[in-house]
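Fold and geometry: a report
Take a look at the letters that make up each chain.
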Amino acid sequence: MSDTFKRRAPSRRGAGGALKEEILMAAARLLAESGREEALSLRAVAREVGISAPSVYLHFKDRSELVAAVTQRAYDRLVGELREAGRGDDGPRAAVRAMARRYCAFAVENPRRYRLMFGVERVAGPREQLPRHPVWLVLAAWEEALAACHRARSAQVDAKEDALMLWAALHGIVAIAMALPYEVDTDGIEQRADAVVDRMVAG
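Since the model is a prediction, treat every value here as computed from it, not as a measurement. (Residues numbered from 1 in each chain as written. Predicted model: local features only at pLDDT ≥ 70, side-chain atom pairs only at ≥ 80, totals over all residues. Heavy atoms only, no water.)

Considering the overall build of the chain
- What the chain contains, in helices and strands, is 9 helices and 0 strands.
- When each of the 203 residues of the chain is scored for burial, the buried share is 39%.
- Across the chain, every contact between residues at least 6 apart in sequence was considered, and the portion connecting residues at least 24 apart equals 66%.
- When the accessible surface of the chain is totalled, it reaches about 11700 Å², and 52% of it is carbon and sulfur. (Helix = DSSP H or I, 4+ residues; strand = E, 2+ residues; numbered from the N terminus. Buried < 20%, exposed > 50% of the residue type's maximum accessible area, 1.4 Å probe, protein only. Contact = heavy atoms within 4.5 Å. Areas by Shrake-Rupley, 256 points an atom, 1.4 Å probe, with all protein chains shown as cover.)

The following block contains the structure:
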């Protein structure tokens, strides 16, 4: 699927959950078009939905809360696609390979959304005192998949550390591919993703 969102007919005012859904979809469309959180305004979202700006505040207290809700959905979707890709019957190594390919495809198919997801603002304060960011859902998916690989090989390896390394490598592959002034080479990306997985779970 791509960064293009299907436009829905505006819900009537006071429709509660339906209106909140309209607001979320409008914000997602605008964020996907700009790729920048700072370009989004609640007034623009309200205009996109066809409601007054104060109506947005009935569901989201500010722009940050709205962006957080949209971002949460994007992470949920990515993790869902990763888990779906890893549900094959060819063993845990093939599952990690499929997940790696799907991760790269998600980034290439949704470049603006991907940049928004991983272009988070730094939050001050000790990590343990901050709300858990949905980015960790992605790490958990990689950790589970690699742990299954290590169990199948009877390898005593830190799955969390391997998950971070794999994720960093894949993120680097797609970030470089999208930053170069050329058409994205999807076949080349898949080959590099396969090579990273094979090196990490060799044997």
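Now that the structure has been shown, we can carry on.
Remarks on the packing of aromatic side chains
- The final tally for this structure, using the stated rule, is 5 aromatic pairs.
- Taken together, a centroid distance of 5.7 Å and an interplanar angle of 85° make the contact between tyrosine 75 and phenylalanine 118 edge-to-face. Note that tyrosine 75 is positioned in helix H4 (residues 63-85) and phenylalanine 118 in helix H6 (residues 111-118), a separation of 43 residues in sequence.
- Plain terms: the ring middles of tyrosine 103 and tyrosine 114 are 5.9 Å apart, the flat faces sit at 85° to each other, and that makes the pair edge-to-face. Taken together, the positions of tyrosine 103 in helix H5 (residues 92-109) and tyrosine 114 in helix H6 put the pair 11 residues apart, joining distant regions of the chain. The same class applies to tyrosine 103 and to tyrosine 114, which are both buried. (Phe/Tyr/Trp six-rings, centres within 6.5 Å; stacked < 30°, edge-to-face > 60°.)

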